[in-house]
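# Observations on the model geometry
One-letter residues, chain by chain:
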Amino acid sequence: MEKSLPKSVEQTCHIRTFGCQMNVHDSERMAGLLSSAGYRLVDDPAVASLIVVNTCTVRDKADQKALSDLGRLRLFKKGEGERILAVTGCMAEREQERLHRLMPEIDLVAGPAQVRNILPMVERIRSEKKHLLGRDFDLPEMTTPPALRPAGVTALVTVQEGCDKACSYCVVPRTRGPERSRPVDSIVSEVRGLVTEGFREVTLLGQNVNGYGKGSGIGEGFAALLYALEEVSGLVRIRFTTSHPSDLDDATIEAMARCRKVMPHLHLPVQSGSDRMLSLMERGYTLAQYRERIARLREALPEVSLTTDLIVGFCHESEEDFSLTLEAVSEFRFDGAFCFIYSPRPGTPAYEWTGLPDRPVALDRFRRLENMLSSIVLEKNRSRIGKTEEVLVERVDSESGHFSGRSPGFRSVRGRVEERDLLPDPGQVVKVRIDDCTKAGLAGLME
Ligand code: SAH
Ligand code: SF4
Ligand code: F3S
């Protein structure tokens, strides 16, 4: 793996990333592998000998973004025989052949499971001088490639990959494959290394982190991983995403309550407030079951922040179904939410279904839902005014005398100091007395 190239032919690489944090971290892994092989990372694709576009395909818009980006980048291939254009990630997995046909300039199309293979794949393209697909290579082992993260306070750490659920609308199980988990030891040692490098917070990533350890012979569940990471000295905060309501067990809730470093924030996608929709979506729980999990969570962690994902305009969604979603939102009073209009994905069960609400109806529901959420989020942020938040400082702007970071509940906080020389350093946890807010976050004076 540690293969350095002769200095005379310096290799340069430009990586572009679309999609979720998992993709962001996959790009960090590719950057780590490539830089350990002598590649220098560059911001300008025009000077790169390798261009990697790491794609997402969760909704049609994600496909369109990646395709239009590729449409521009393919032009860099003209007259540049040696330059390699690689497409990785979820769209690459789903569209291996079609992408090649669509844009013959593309040299490599490989899905997320092949991220660890980036070096051998690129090497083979250079030597064989032909297009290749990820499936032309054996699947690499679940090792931990050296990630190259931007320096900072908070780092992404993948603990689990893939998804064994079968939500009828979702393409992810087809692009990321079945659930696999990394052993506790390997995660703990990576996190120890991150602390040594100066990181203070980790966000554990998985499509279904609560499925951690399942069926992988690891023998320990997600709660055990949290307890193990709680012991890593120098680590200040632990976060994780995403949880699934059916797999969020009492042991995880208890670990969240008992571990001081595990932050009181849970992202628990509900998707809809209508049992009829939840069943068509094949989510595997009813609203009553979701409500029970939230009650258990809030009993154990009264200050917990709860965020969610919601889909409107799914097949057969009636006004009645949608009003149940609005009711659920007003009942659970989420601290934040991502709302999406359903986007049919080829290859998923729901793709073939009829009964999609008309586009103007879906758009109208989306706007009504966003309005309701905005006012709840603003109200919840207002309720923090007068309180003191412990903020892990991420960025400091000595010119304006401000700093920013996150509260335990994941609210972004902009802090100010009475005197410039009191400005904290990134990585410090400071107390901020909240005196102002918008729906995007809080502001206040450092105590
Ligand atoms: N594994 C995570 C997240 C998967 S994708 C989970 O299950 O929670 C992130 C979000 O995208 C989902 O929670 C869902 O709200 C949304 N999503 C997934 N497929 C979609 C589709 N076809 N159309 C619209 N939104 C979708
Ligand atoms: Fe997709 Fe459902 Fe898996 Fe989440 S749990 S990744 S929504 S199939
Ligand atoms: Fe997109 Fe794949 Fe993430 S489809 S949301 S990049 S898992």
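Just above, that's the structure.
Thresholds, definitions, all that
- Residues numbered from 1 in each chain as written.
- Chains lettered and ligands numbered in written order.
- Predicted model: local features only at pLDDT ≥ 70, side-chain atom pairs only at ≥ 80, totals over all residues.
- Heavy atoms only, no water.
- Phe/Tyr/Trp six-rings, centres within 6.5 Å; stacked < 30°, edge-to-face > 60°.
- Buried < 20%, exposed > 50% of the residue type's maximum accessible area, 1.4 Å probe, protein only.
- Helix = DSSP H or I, 4+ residues; strand = E, 2+ residues; numbered from the N terminus.
- Lys NZ or Arg CZ within 6 Å of the ring centre and 35° of its normal.
- Near = heavy atom within 4 Å.
- Polar contact = N/O pair within 3.5 Å; in protein donor to acceptor, adjacent residues only side chain to side chain.
- Areas by Shrake-Rupley, 256 points an atom, 1.4 Å probe, with all protein chains shown as cover.
- Axes fitted to C-alpha atoms, helices over the stretch in contact; angles between N-to-C directions.
- Parallel < 35°, antiparallel > 145°, perpendicular 65-115°, else oblique.
- Left-handed = near helix turned anticlockwise from the far one by under 90°.
- Contact = heavy atoms within 4.5 Å.
- Nonpolar A, V, L, I, M, F, W, Y, C, P; charged D, E, K, R; others polar.

Okay, the packing of aromatic side chains next. Going through the model one piece at a time under the given rule, you end up with 8 aromatic pairs. Relative to Tyr-290, the ring of Tyr-285 lies with its centre 6.2 Å away and its plane at 35°, an arrangement referred to as tilted. The pair formed by Tyr-285 and Tyr-290 is uniform in burial state, with each residue classed as buried. On the basis of an interplanar angle of 85° and a centroid distance of 4.7 Å, the ring pair of Phe-314 and Tyr-342 is categorised as edge-to-face. In this pair, Phe-314 is assigned in the loop between β13 (305-312) and α12 (319-332) and Tyr-342 in the loop between β14 (336-341) and α13 (359-382), connecting sequence segments 28 residues apart. We classify Phe-314 as buried; its relative accessible area is 0%. Taking NZ or CZ as reference, Arg-124 lies 4.5 Å from the ring centre of Phe-137, over its face. Here Arg-406 stacks its cationic end above the ring of Phe-410, 3.9 Å away from the centre of that ring.

Next up on the list: the site of ligand 1. Surrounding ligand 1, one finds 15 residues, the nearest of these being Tyr-169, Gln-207, Gln-271, Asp-309 and Ser-343. A distance of 3.0 Å separates a nitrogen atom of ligand 1 from a polar backbone atom of Tyr-169. Take Ser-343: an N or O atom from its main chain is 2.8 Å from a nitrogen atom of ligand 1. The protein chains hide 89% of the 540 Å² of surface that ligand 1 would expose on its own. Put simply, the parts of the chain that give the shell around ligand 1 at least two residues each are β13 and β14.

The subject of this paragraph is the packing of helix α8 (residues 222-230) against helix α9 (residues 250-258). Where α8 meets α9, the closest approach of the two axes is 8 Å, and the angle between their N-to-C directions is 15°. Here α9 runs roughly parallel to α8, going by the angle between their axes. Seen along the crossing, α8 lies across α9 with a hand that is left-handed. Touching Phe-222, Ala-223, Leu-226 and Tyr-227 of α8 are Ala-251, Thr-252, Glu-254, Ala-255 and Arg-258, all from α9. The residue makeup of the contact of α8 with α9, split by class, is 6 nonpolar, 1 polar and 2 charged.

Before going further, it helps to spend a moment on unusual backbone geometry. The omega angle of the peptide bond from Thr-241 to Thr-242 is 10°, so this bond is cis rather than trans. Phi is positive for Glu-282, close to 55°, though the residue is something other than glycine. Residue Glu-282 is classed as partly exposed on the basis of its relative accessible area of 42%.

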